[in-house]
Amino acid sequence: MPDAGKGIGTFHMPYHVEKGGTYLKDASVLAGLGCIGRNNILVTPEFGPRVRLRALTLDAEIPSTGPTAFDPCSDCDDLCRKACPQNSFGEKLYHSNDYGQEILPARDGSFSRPVCNGQMEEDNTVAREQTVEGFDDPVKVIKYCRNCELACPVGKN
Ligand code: B12
Ligand code: SF4
Ligand code: SF4
């Protein structure tokens with residue numbers, strides 16, 4: 001609920017899109033934080049794709065910065081895609097005509113959500129319990145694939 005009478009109200013933004021959350025990458029591009037790379041995630045000039053996004057809804061009108069011209073992918077040899085263990089970008093699955101818009105996943109419509117998700121399921125299966133600082137008992141630590149993120153050279157320096 002908005003915090004009425006105490007300045008600008010805030011609303012909790014659910015994380016998942018199907019529960020009322022927003023498309024965080026698209027919102028970030030529109031807010032001028034970076035661009036969607038050929039790895040289908042937000043690439044920022046400062047940290048490359050190695051960022052995690054959260055949103056808070058404010059009860060206020062704030063003008064959007066708008067997208068920037070930042071585009072590191074135009075001079076890159078697709079290091080992100082080559083690092084994918086599942087070849088999630090191997091086939092063009094989305095076409096502008098079918099999708100009703102020019103903006104497509106991974107720019108050219110080649111990102112396969114089920115194929116990438118298969119890697120996440122594999123990562124879950126091989127995860128083992130480990131002793132972790134701050135926890136009394138061993139906990140299951142899942143090391144989800146981040147190859148398309150970690151292979152990107154942007155922001156590494
Ligand atoms: C569901 C989900 C998944 C699913 C499906 C992914 C998908 N693309 O659909 C699975 C489990 C496979 C997944 C995998 C990963 N995910 Co994920 N995922 C999400 C979640 C919850 C929703 C994404 C979604 O449904 N998008 C809608 C679909 C239709 O769109 P899309 O495929 O992303 O394509 C759009 C963009 O490409 C965009 N676009 C393309 N060009 C342009 C240009 C402009 C100008 C604009 C405005 C938009 C735009 O338009 C397309 C159509 O809308 C978000 C959190 C959130 N609430 O946003 C995190 C999120 C996207 N995931 C994230 C991450 C890090 C990952 C992984 C690296 C796994 C990991 N180790 O964490 C992989 C990377 C996969 C990849 N290369 O895309 C981060 C990305 C951070 C970043 N730097 O952008 C997010 C934002 C979570 C977070 N809290 O930060 N994910
Ligand atoms: S590795 Fe290259 S093509 Fe992939 S997101 Fe980074 S700059 Fe773009
Ligand atoms: S998270 Fe791993 S499996 Fe999914 S697209 Fe990136 S590199 Fe491929």
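Check the entry above for the structure.
Every value quoted in this text rests on a predicted model; they were computed, and no experiment measured them.

Glancing now at the overall build of the protein. Counting secondary structure elements, the protein contains 5 helices and 6 strands. Secondary structure of the protein in N-to-C order comes out as β-α-β-β-β-α-α-α-β-β-α. Dimensions of the protein, computed from C-alpha atoms along their principal axes, come out at roughly 50 × 50 × 35 Å. A buried classification covers 25% of the 157 residues belonging to the protein. Considering only intrachain contacts with a sequence separation of at least 6, the fraction spanning at least 24 residues in the protein is 54%. Here the protein has roughly 11100 Å² of accessible surface; of this, 53% comes from carbon and sulfur atoms. Averaged over its 17 positive side-chain charges, the protein has a centre that lies 3 Å from the centre of its 22 negative ones.

Our focus in this paragraph is the layout of surface pockets. There is about 2000 Å³ of room inside the largest pocket. In this structure, the largest pocket is lined by 47 residues; those nearest its centre are K25, N40, I41, F111 and R113. Listing elements by their share of the lining of the largest pocket, those giving two or more residues are α1 (24–30), α4 (113–126) and α5 (147–150). Approximately 320 Å³ is the volume attributed to the second largest pocket.

Let us look at the packing of aromatic side chains. For the structure on display, the rule yields 2 aromatic pairs. A ring pair is formed by F89 and F111, whose centres lie 5.5 Å apart and whose planes are at 45 degrees; its orientation type is tilted. Separated by 22 residues along the polypeptide, F89 in the loop between α2 (79–82) and α3 (96–99) and F111 in the loop between α3 and α4 bring together distant segments of the chain. Residue classification places F89 among the buried residues on the basis of a relative accessible area of 9%. By relative accessible area, which is 16% here, F111 ends up buried. Between the aromatic rings of Y94 and Y99, the centroid separation amounts to 5.1 Å while the plane-to-plane angle is 55 degrees, which identifies the pairing as tilted. The partly exposed category is assigned to Y94, whose relative accessible area is 25%.

This part takes up the site of ligand 1. Inspection of the region around ligand 1 gives 34 residues, with K25, N39, N40, L42 and L53 positioned closest. The contact in question runs from an oxygen atom of ligand 1 to an N or O atom on the side chain of N40, over 2.6 Å. Judged by its atoms lying within 2 Å of the grid points, ligand 1 is housed in the largest pocket. For the shell around ligand 1, the elements supplying multiple residues, two or more each, are α1, α4 and α5. Considering only residue class, the shell around ligand 1 consists of 22 nonpolar, 5 polar and 7 charged.

Taken together, C84, P85, S88, F89, F111, C116, Q119, M120, C145, N147 and C148 make up the full set of residues adjacent to ligand 3. Mapped by element, the contributors of at least two residues to the shell around ligand 3 are α4 and α5. Here the shell around ligand 3 gets 3 residues from one element, more than from any other, and that element is α4. When grouped by side-chain class, the residues that make up the shell around ligand 3 number 8 nonpolar, 3 polar and no charged.

Rules used throughout
Along every chain, residues carry numbers that run from 1 in the direction the sequence is written. As a convention, the first chain written is A and the first ligand written is 1, with the rest following in written order. Owing to the predicted nature of the model, reporting of local features is limited to residues with pLDDT of at least 70; listing and counting of side-chain atom pairs is limited to 80 or more, with chain, interface and lining totals taken over all residues. Think of the side-chain values as coming from all heavy atoms in the structure, minus any hydrogens and water. Counting from the N terminus, the helices are the DSSP runs of H or I reaching at least four residues and the strands are the DSSP runs of E reaching at least two. When a residue's accessible area, from a 1.4 Å probe over protein chains only, is under 20% of the maximum for its type it is buried; when over 50% it is exposed; and in between it is partly exposed. A contact between two residues is defined here by any heavy atoms of the two lying within 4.5 Å. The Shrake-Rupley method, run with a 1.4 Å probe, gives the accessible areas here. Residue values count only the displayed protein chains as cover. Working convention for charge: Lys and Arg count positive, Asp and Glu count negative, and His plus the chain ends are omitted. For charged residues, the charge sits on one atom: NZ in Lys, CZ in Arg, CG in Asp, CD in Glu. With a 1 Å grid spanning the protein atoms alone, the term cavity applies to any set of points in which a 1.4 Å probe fits but cannot get out, the term pocket to an open set with protein on both sides within 12 Å along at least five of seven lines, and the term lining residue to any residue with an atom within 4 Å of a point. Grid points are joined across faces, edges and corners, and a volume is the space filled by probe spheres set on the points. Each aromatic pair joins two rings of Phe, Tyr and Trp (for Trp, the six-membered one) with centres within 6.5 Å, and gets the label stacked for planes under 30 degrees apart, edge-to-face for over 60, and tilted for any other angle. Throughout, the term near means that a residue has one or more heavy atoms lying within 4 Å of the molecule or strand in question. In the analysis that follows, any N or O atom pair within 3.5 Å is treated as a polar contact, provided that within protein one partner can donate a hydrogen and the other can accept it, and provided that, for residues neighboring in sequence, both atoms belong to side chains. Assignment to a cavity or pocket requires that more than half of a molecule's atoms be within 2 Å of the site's grid points. Polar here means any residue outside two lists: the nonpolar Ala, Val, Leu, Ile, Met, Phe, Trp, Tyr, Cys and Pro, and the charged Asp, Glu, Lys and Arg; Gly therefore counts as polar.

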